[in-house]
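# Geometric and topological summary
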Amino acid sequence: MGSLRWGILGTGGIAHAQTADLLANGFTVTAVGSRSQASADRFAAEFGIPTAHASYEALAQDDRVDVIYVSTPHPLHAPNALLALDAGKHVLVEKPFALNAREADAVVGRAAEKGLVVLEAMWTRFLPHMNRIRDIVRSGGIGEVRTLISDHTQLLSDDPLGRLRNPLLGGGALLDLGIYPVSFAWDVFGAPSKVFASGTMTQTGVDRQTAMILDYPEGAQAVLLTALDEPGPNRSTVIGTRGRIDIDSVWYTPTSFTVFDAAGAPTEHYSSDVVGRGMQFQAWELERLVAEGAGPNDVLPPAQSIRIMETLDEVRRQLGLSYPAES
Ligand SMILES: NC(=O)c1ccc[n+]([C@@H]2O[C@H](COP(=O)([O-])OP(=O)(O)OC[C@H]3O[C@@H](n4cnc5c(N)ncnc54)[C@H](OP(=O)(O)O)[C@@H]3O)[C@@H](O)[C@H]2O)c1
């Protein structure tokens with residue numbers, strides 16, 4: 001573990017967080033690439049990274065890089081991932097994996113052709129408390145799971161040109177925040193049989209808030225909410241026929257949860273003890289996959305990242321939300 005040489009593509013907010021977690025956990029970061037030399041230089045100086053490239057292309061061509069972390073706005077995820085794969089690099093791509101399932105499919109197909117690992121940076125999937133919850137759910141610890149209630153609601157910037165509200169940058173609550181509860185629902189239940197969605201748009205024409213119900217073949221349901229202009233609880237509850245799991249706020253970050261039995265008595269309490277923000281776990285997973293020759297990926301296989309995009313595509317179809325940049 002920690003043997004690959006990482007390159008950071010893009011120097012924005014989440015690139016800072018991911019790089020800090022890589023360095024705090026013994027990973028090797030050898031290069032950064034930005035649209036401008038000044039920004040690459042600043043980022044490299046801040047983190048002590050040896051090489052600063054003035055373009056994403058130069059980063060992709062750097063022989064001292066094995067894996068590239070793509071941290072650009074959503075519409076660039078697929079093109080930037082393809083750039084890295086074509087240069088022979090493994091790729092960790094920020095969520096959402098792409099703008100739509102078609103783009104996601106192209107990325108996964110290219111990685112397979114090249115024999116390279118691609119992983120969606122849905123960091124929550126790889127957090128220790130989520131691993132424990134997955135074990136409880138899969139081992140029948142709360143009986144047959146019937147319901148997931150989950151929100152990702154934040155009060156974010158109202159800048160109409162910023163990436164959160166700008167359709168040209170893939171804005172909207174769904175792709176930025178709503179993907180977390182949708183991905184969690186996929187983790188718990190797999191593929192939905194029906195998707196229902198209703199939302200409200202911003203003046204810029206992206207979704208401001210979206211409510212979703214996902215139905216599953218055995219009658220289970222996920223009830224999900226996302227919004228970008230209100231500070232929500234950010235809690236999740238998984239309910240089964242013999243108990244429930246309440247995940248404390250903020251459920252998608254390293255946090256605590258409690259398992260309750262059918263009578264409402266607590267039977268397990270879990271508290272996370274994580275160094276940094278918790279983005280190192282997805283990096284360890286990528287390094288494990290590379291070490292094992294793109295071996296078994298049970299936590300978030302690329303094929304599932306495509307299917308998650310299909311669910312998001314269907315939600316967007318019902319909202320009437322399309323993006324100018326999508327192919
Ligand atoms: N995992 C998480 O917890 C988490 C949290 C926040 C965001 N994200 C994801 O990470 C991605 C980036 O989010 P962010 O919050 O880091 O965004 P950000 O702060 O705006 O940074 C995005 C970076 O992308 C590059 N970029 C390339 N083309 C751009 C363009 N046309 N406009 C703006 N920036 C452009 C820029 O880097 P250069 O100038 O160096 O080229 C910029 O600094 C999003 O897809 C988001 O979903 C994930």
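This one's a predicted model, so the numbers in the text were calculated from it and none came from an experiment. (Residues numbered from 1 in each chain as written. Predicted model: local features only at pLDDT ≥ 70, side-chain atom pairs only at ≥ 80, totals over all residues. Heavy atoms only, no water.)

Before going further, it helps to examine empty space enclosed by the protein. Per the stated rule, a full pass over the model turns up 2 cavities of 30 Å³ or more. Empty space within the largest cavity amounts to approximately 70 Å³. Taken together, Met130, Ile133, Arg134, Val137, Arg138, Phe184, Asp187 and Val188 make up the lining of the largest cavity. Looking at the lining of the largest cavity element by element, the count peaks at 5 residues for helix 6 (residues 128-138). (1 Å grid on protein atoms, 1.4 Å probe; cavity = no way out; pocket = protein on both sides within 12 Å on 5 of 7 lines; lining within 4 Å. Points joined across faces, edges and corners; volume = space filled by probe spheres on them. Helix = DSSP H or I, 4+ residues; strand = E, 2+ residues; numbered from the N terminus.)

Of all residues adjacent to the ligand, which total 24 residues, the nearest are Thr11, Ser34, Tyr56, His74 and Lys95. Take tryptophan 123: an N or O atom from its side chain is 3.1 Å from an oxygen atom of the ligand. Between the ligand and the protein, one listed contact pairs an oxygen atom with a side-chain N or O atom of arginine 277 at 3.0 Å. Out of a free accessible area of 890 Å², the ligand has 79% covered by protein chains. With respect to the pocket detection grid, the ligand is positioned in the largest pocket. Both of domain 1 (5-124 + 279-297) and domain 2 (128-273) provide at least three residues apiece to the shell around the ligand. (Near = heavy atom within 4 Å. Polar contact = N/O pair within 3.5 Å; in protein donor to acceptor, adjacent residues only side chain to side chain. Areas by Shrake-Rupley, 256 points an atom, 1.4 Å probe, with all protein chains shown as cover. Sits in = over half its atoms within 2 Å of the grid points. Domains from an automatic or database assignment.)

Turning to the pairing of strand 4 (residues 67-70), a few remarks are in order. Across the two faces of strand 4 the burial is the same, with Val67 and Tyr69 and Ile68 and Val70 all buried. Pairing of strand 1 (residues 5-9) with strand 4 involves 4 bridges; the strand directions are parallel. By the bridge assignment, glycine 7 is partnered in strand 4 with isoleucine 68. Here strand 4 pairs with strand 5 (residues 90-94) via 4 bridges, running parallel. In the sheet register, valine 67 faces strand 5, and the bridge partner there is histidine 90. This β-α-β element, strand 4 to helix 4 (residues 77-86) to strand 5, shows right-handed connectivity. (Buried < 20%, exposed > 50% of the residue type's maximum accessible area, 1.4 Å probe, protein only. Pairing = 2+ DSSP bridges. Right-handed = clockwise from strand over helix to strand, strands pointing away.)

Let us look at the nonpolar core. In this structure, Trp6, Val238 and Ile245 are the most contacted members of the largest nonpolar core, which totals 98 residues. It is helix 7 (residues 173-189) that contributes the most residues to this core, 10 residues altogether. Looking at which domains feed residues into this core, each of domain 1 (5-124 + 279-297) and domain 2 (128-273) gives three or more. With near-sequence residues (within four places) excluded, valine 238 lies in contact with Val137, Ile142, Val145, Thr147, Leu148, Phe184, Val188, Gly243, Arg244 and Ile245. (Core = buried A, V, L, I, M, F, W, Y, C linked by side-chain atoms within 4.5 Å. Contact = heavy atoms within 4.5 Å.)

This part takes up a nonpolar patch on the surface. On the surface, a cluster of nonpolar side chains totalling about 310 Å² of accessible area is made up of Ile149, Phe196, Ile213 and Val223. Position of valine 223 among the secondary structure elements: in strand 10 (residues 221-227). (Patch = residues over 30% accessible without salt bridge, like charges linked within 9 Å, V, L, I, M, F, W, Y side chains within 5 Å. Salt bridge = Lys/Arg side-chain N within 4 Å of Asp/Glu carboxyl O.)

Next up on the list: the sheet that holds strand 6 (residues 118-121). Read from one edge of the open sheet, 6 strands run 3-2-1-4-5-6, paired in parallel fashion. Strands at the two margins of the open sheet, each flanked by one partner only, are strand 3 (51-53) and strand 6. Here the average twist between neighbouring strands, direction ignored, is 25°. This element, helix 2 (residues 37-47), spans strand 1, strand 2 (28-33) and strand 3 of the sheet and lies at about 155° to strand 3. (Axes fitted to C-alpha atoms, helices over the stretch in contact; angles between N-to-C directions.)

A separate point is the domain arrangement of the chain. When the parts come together, some accessible area is lost, and that loss is often what is quoted as the size of the interface. Once the domains are mapped, the chain shows domain 1 (5-124 + 279-297) and domain 2 (128-273). Computed over C-alpha atoms only, the centres of domain 1 and domain 2 are separated by 26 Å. Across the contact, 11 residues belong to domain 1 and 15 residues belong to domain 2. A combined buried area of about 1,200 Å² lies between domain 1 and domain 2, and 70% of that area is made up of carbon and sulfur atoms. When the buried area of domain 1 at its contact with domain 2 is split by residue, His74, Trp123 and Thr124 rank highest and sum to 42% of it. At the junction of domain 1 and domain 2, the tally comes to 0 salt bridges. Taken together, domain 1 and domain 2 are joined by 4 residue pairs in polar contact (both at pLDDT 80 or more). Class assignment of the residues belonging to the side of domain 1 that touches domain 2 gives a composition of 7 nonpolar, 2 polar and 2 charged. (Buried area = accessible area lost by both parts, 1.4 Å probe. Nonpolar A, V, L, I, M, F, W, Y, C, P; charged D, E, K, R; others polar.)

Here we take up helix 1 (residues 13-24). Taking 1.5 Å of rise per residue, 12 residues should cover 16 Å, and helix 1 covers 17 Å from first to last C-alpha, within 8% of that figure. Its buried side turned inward, helix 1 meets strand 1, strand 2, helix 2, strand 4, strand 5 and helix 8 (280-291). (Expected span 1.5 Å × (residues − 1).)

A sheet is described by the order of its strands in space; here 8 strands give the open sequence 8-9-10-7-11-12-13-14, paired in mixed fashion. Looking at which strands have only one partner, the edges of the open sheet turn out to be strand 8 (194-201) and strand 14 (266-271). Between one strand and the next, the sheet's axes are offset by a mean angle of 10°, whatever the strand orientation. Here helix 9 (residues 302-319) sits on the sheet in contact with strand 8 and strand 9 (207-215), set at roughly 50° to strand 8.

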